[in-house]
Each structure stands twice: as structure tokens, then as C-alpha cells.
Amino acid sequence: MINLLKVKPGQQEALIALLKQNIDTVIRTLHGWKTTRLIAAKDGASVVIYSEWETLAAVEAMRGDPRMQAYFPKIAELASLDSTAGSVVLSESR
């Protein structure tokens, strides 16, 4: 799953702190979660969340979790969100 958050001016640090709190208190507890990376744009205008989940059903369960539902309005105060979920079709490493 990839989320692109367009951050309101001056709010990138606050958004990252909120996302870290969410990962520590909610995401880590959810079935099917594997890993999450936060990528902050150098210009402060956006944050990308890259998360790996075992299944798309796990992603849907996460989105419906009441604890996650409580975070969505807080995130919306700091940034707009565009999200996509799909299946890996290629993965290469060095």
C-alpha cells in the first residue's frame, strides 16, 4: 500500500510524529502488517507511506479498525491523502 500525503505548509514534522504514534500504537498490533516506511520530501510538502501487508483483506481490515478511524480526522487536519493498494508484480534488490 502506498499513501501520498500532501502536507499543509509547516506541518510535515507534526504529521510524521502523528504517523509514528499511529504505527507504534495501532499498526503494529494489526494482523497482516509486515512493514512501514515513511519517506519525507526534502521540501516539506509531502510524506509517502509505504506499507507491506500480507493480503489486501488485511489492508481493508486496517482501514475499518476503529482505532484507525480515529486517526483519519487527525491526519486530515495536517494533509490531504491519496492512497492505493495492490499486489507486487516485481521486486528486485541488490
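The preceding data block contains the structure.
Quantities reported herein were computed from a predicted structural model and do not represent experimental measurements.

So, the sheet that holds strand E1 (residues 2-7)
Sheet architecture is open: four strands sit in the order E2-E3-E1-E4, paired in antiparallel fashion. At either margin of the open sheet sits one strand with a lone partner, and together these are strand E2 (33-40) and strand E4 (79-84). Ignoring strand direction, the axes of neighbouring strands in this sheet form an average angle of 15 degrees. With six bridges joining them, E1 and E4 adopt antiparallel strand pairing. Residue pairing for E4: Ile2 is matched across the bridge by Thr84. In the packing of helix H3 (residues 66-78) onto the sheet, the strands contacted are E1 and E4, and the crossing angle to E4 comes to about 120 degrees.

Structural notes on helix H1 (residues 12-25)
End to end, H1 covers 20 Å across 14 residues, agreeing with the expected 20 Å (1.5 Å per residue, within 8%). Residues of H1 that are buried include every one of Gln12, Leu15, Ile16, Leu18, Leu19, Asn22 and Ile23, and no others. Taken down its axis, H1 places every buried residue within 165 degrees of arc, on the same side. Looking at the buried side of H1, the elements it contacts are E1, E2, strand E3 (46-53), H3 and E4.

Quick word on the pattern of salt bridges
Following the criterion strictly, the structure yields three salt bridges and no others. The partner of Arg67 in a salt bridge is Asp65, with the nearest N and O atoms 3.1 Å apart. Note on Asp65: relative accessible area 13%, which makes it buried.

Regarding the packing of H1 against H3
The contact between H1 and H3 brings their axes to 10 Å, and the two run at 170 degrees. When the interaxial angle is binned, H1 and H3 end up roughly antiparallel. Note on element contacts: H3 touches H1 through Arg67, Met68, Tyr71, Lys74, Ile75 and Leu78, opposite Ala14, Leu15, Leu18, Leu19, Gln21, Asn22 and Thr25. Its residues assigned to classes, the contact of H1 with H3 shows eight nonpolar, three polar and two charged.

So, the nonpolar core
Leu15, Ile27, Leu30, Trp53, Met62 and Ile75 are the most contacted members of the largest nonpolar core, which totals 22 residues. Breaking this core down by element, the ones donating at least two residues are E1, H1, E3, helix H2 (56-64) and H3. Ranked by residue count, the leading element in this core is H1, at five residues. With residues up to four places along the chain from it excluded, the contact list for Leu15 reads Leu5, Val7, Val47, Ile75, Leu78 and Ala79.

What counts and how
- Residues numbered from 1 in each chain as written.
- Predicted model: local features only at pLDDT ≥ 70, side-chain atom pairs only at ≥ 80, totals over all residues.
- Heavy atoms only, no water.
- Pairing = 2+ DSSP bridges.
- Helix = DSSP H or I, 4+ residues; strand = E, 2+ residues; numbered from the N terminus.
- Axes fitted to C-alpha atoms, helices over the stretch in contact; angles between N-to-C directions.
- Contact = heavy atoms within 4.5 Å.
- Expected span 1.5 Å × (residues − 1).
- Buried < 20%, exposed > 50% of the residue type's maximum accessible area, 1.4 Å probe, protein only.
- Arc of directions from axis to C-beta.
- Salt bridge = Lys/Arg side-chain N within 4 Å of Asp/Glu carboxyl O.
- Parallel < 35°, antiparallel > 145°, perpendicular 65-115°, else oblique.
- Nonpolar A, V, L, I, M, F, W, Y, C, P; charged D, E, K, R; others polar.
- Core = buried A, V, L, I, M, F, W, Y, C linked by side-chain atoms within 4.5 Å.

Function cannot be inferred from these measures alone, as they are strictly geometric.
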